[in-house]
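The residues making up each chain are set out below.
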Amino acid sequence: MTNEESRDIIMNNYLEPYHRNMPHDGYEKTNTRNVSCIDNINLYIKWKDDTIEDITFDGEACAISISSTSIMIKNLIGKTSKEALEYIKEFYKMTDGEPFNKDLLKDACCYEEISKQKGRKVCANLPLKGIEKAILEHLK
Amino acid sequence: MNREDFPLLKEEIIYFDNSATSLKPKCVIDKMVDYYTNYPANAHRGDYDLSYKVDQEYEETRELVKDFIHARFLEEIIFTSGTTESLNMIVTGFFEELLEANDEVLITTSEHASNVLPWFRLANKKGIKVNYIPLDNNYYVTIDNLKKVITPKTKVISIAGITNVIGDIRPIKEICKLAHENNIFVILDGAQMVPHMKVDVEDLDVDFLAFSAHKMCGPTGVGVLYGKKELLEHLEPPILGGGMNESFDSPSEIYLKELPTRLEAGTRNIAGVIGFGETIKYLNKIGMERIHNYETDLRKYLIDKLLPLKHIDIINIESDSGIITFNVANVFSQDVAYYLNKYNVCVRAGNHCAKILKSSVGVNNTVRISLYFYNTYEEIDNLVELLSNYDKIVKEMI
Ligand SMILES: Cc1ncc(COP(=O)(O)O)c(C=O)c1O
């Protein structure tokens, strides 16, 4: 993915995020925020047994966090908890600057360069941390 | 002004986060290195030359602070770790004992967390009421609004002299006058005021004052608690230990030293206090009035340049301090800070520790520029150029 392509994906998902401020009656809510910055996002998850049937979100955050949430939601809907955790693991590998599975992350590869920006890695990871917590909670 | 005194300013960096903390001039750094290198003994302990010098230097800072804020007595100057500790000591050590259930304290919605949370805790513990002085359309405190909320139950007004988000300068002298006519104590949170303008505790007639050295070119971990002597006498020491006691033979025979030592248990931040003395000499040399006037002019220059930019929404157009808070249309404040950081411009994004401001101003997050005397017109020009191109901001914010 070129820098220009990454930029476009991030900006598109920031300006028109997927499933932001959508109805979430009966969904499981989880909040995710960073201590060091002001990003603050609520994720709402609808489970069907072990499969993520839907996710919506609301809240306030920077362009990286919002776009990352949007992309994550697109990629995780329809996945089982195990598949979702696998995806999250690959995402962390990417933001840590390690080799990762590009086919699995799809659009989310736009954050490949973020491992070099100390401050912004936490922003990209933010929604993943939130959903990871929610999935582990669901599995309990 | 005085840029050559600051080692960091030799680098390509524009530092606009002075409300968070200030840069340190070389003389202050050198003073602390001198202590650590040449006389690193403890204070109030030894009978040898090195230790004597420590005492002298440490107590000289107290003299300097006393004159700097125009206190009457040396005993009124207590060294703490900063504004936060000073405010907590005042609330916990003095007012917790004094206040009764349903007594009222007045603060505002733009106070820093350190002037809110200690009161909230006291509210939970003793049933006191925390009430708010309404702010006017500019988010200012006015005497008229203060009059509206004073009741026979009001015992304390605790407010910042200059708030760290709006930067308004509160009419402290008038507030103290009205308060004292009604038997109300006034605590001044001077964290943003003392570094930027002359604060004269006698003239203002405040009962307590708290401020931090690190926001005024001094070291971190040092602050001041000022209190009128007759009040400080009743302030319960928050911690007990060495240095502050006369003798302790049994629980019923604890004898504490007089002020100010009584409130300074344990080994203090000696290097910091000594460095802080140098800081005050340094600021005195420049002159607080000059600092304040320069910052006011600089702010006005920045505001005049930002006002024509349609995509910039300034929250506090009016205000006489060096604090400018704004948002860029449809851009999250943190993204603006990231963008400016790419050009080595340091600004703060966020809610600036005044979380409840949201309820009055209606915005959660802002970008904040806070100026100090070493900032320049040129730096402002650079900033304005970076902010004037909206497309560039949006393009480069990620
Ligand atoms: C108005 C105000 N009060 C209190 C504080 C707390 O100061 P410190 O962190 O030095 O204790 C600050 C610091 O930002 C402040 O701006």
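Description of the structure in this document. (Residues numbered from 1 in each chain as written. Chains lettered and ligands numbered in written order. Predicted model: local features only at pLDDT ≥ 70, side-chain atom pairs only at ≥ 80, totals over all residues. Heavy atoms only, no water.)

### What about the packing of aromatic side chains?
Residues and elements named next belong to chain B.
Then, number 1: A full pass over the atoms with the stated rule returns 20 aromatic pairs over all chains.
Then, number 2: Measuring from ring centre to ring centre gives 4.6 Å for Phe 6 and Tyr 374, while their planes differ by 55°; the resulting arrangement is tilted. Of this pair, Phe 6 sits in the segment before strand E1 (14-15) while Tyr 374 sits in the loop between strand E15 (366-370) and helix H13 (377-388), and the two are 368 residues apart along the sequence. This pair shows no difference in class: Phe 6 is buried, exactly as Tyr 374 is.
Then, number 3: For the pair Phe 94 and Phe 95, a centre-to-centre distance of 4.9 Å together with 75° between the ring planes defines the contact as edge-to-face. We note that Phe 94, like Phe 95, is buried.
Then, number 4: Taken together, the ring pairs connect Phe 6, Tyr 282, Tyr 372, Phe 373 and Tyr 374 into an aromatic cluster.
Then, number 5: Over the aromatic face of Tyr 39 sits the side chain of Lys 53, whose NZ or CZ is 4.7 Å from the ring centroid. (Phe/Tyr/Trp six-rings, centres within 6.5 Å; stacked < 30°, edge-to-face > 60°. Helix = DSSP H or I, 4+ residues; strand = E, 2+ residues; numbered from the N terminus. Buried < 20%, exposed > 50% of the residue type's maximum accessible area, 1.4 Å probe, protein only. Lys NZ or Arg CZ within 6 Å of the ring centre and 35° of its normal.)

### A word on the site of the ligand
All names here are of chain B.
Then, number 1: Around the ligand, the surrounding shell consists of Thr 83, Thr 84, His 112, Ser 114, Asn 164, Asp 189, Ala 191, Gln 192, Ser 212, His 214 and Lys 215.
Then, number 2: Interatomic distance of 2.6 Å between a side-chain N/O atom of Gln 192 and an oxygen atom of the ligand.
Then, number 3: Here Lys 215 contributes a side-chain N or O atom positioned 2.6 Å from an oxygen atom of the ligand.
Then, number 4: Calculation on the ligand without its partners gives an accessible area of 400 Å², and the protein chains cover 85% of this total.
Then, number 5: For the shell around the ligand, the class distribution of residues is one nonpolar, eight polar and two charged. (Near = heavy atom within 4 Å. Polar contact = N/O pair within 3.5 Å; in protein donor to acceptor, adjacent residues only side chain to side chain. Areas by Shrake-Rupley, 256 points an atom, 1.4 Å probe, with all protein chains shown as cover. Nonpolar A, V, L, I, M, F, W, Y, C, P; charged D, E, K, R; others polar.)

### Digging into the interface of chain B and chain A
Put simply, an interface is often sized by how much accessible area is lost when its parts join up.
Then, number 1: On the chain A side, the residues contacting the 17 residues of chain B number 15 residues.
Then, number 2: Summed over both partners, the interface of chain B with chain A comes to about 1300 Å²; 58% of that surface belongs to carbon and sulfur atoms.
Then, number 3: The largest per-residue losses of area from chain B upon contact with chain A belong to Phe 332, Tyr 338 and Ile 398 of chain B, which jointly make up 46% of the total buried on that side.
Then, number 4: Secondary structure elements with two or more residues in the side of chain B that touches chain A: helix H11 (333-341), strand E14 (348-350) and helix H14 (390-396) of chain B.
Then, number 5: Tallying contributions element by element places H11 of chain B first for the side of chain B that touches chain A, with four residues.
Then, number 6: Of the residues assigned to the side of chain B that touches chain A, the class counts are seven nonpolar, seven polar and three charged. (Contact = heavy atoms within 4.5 Å. Buried area = accessible area lost by both parts, 1.4 Å probe.)

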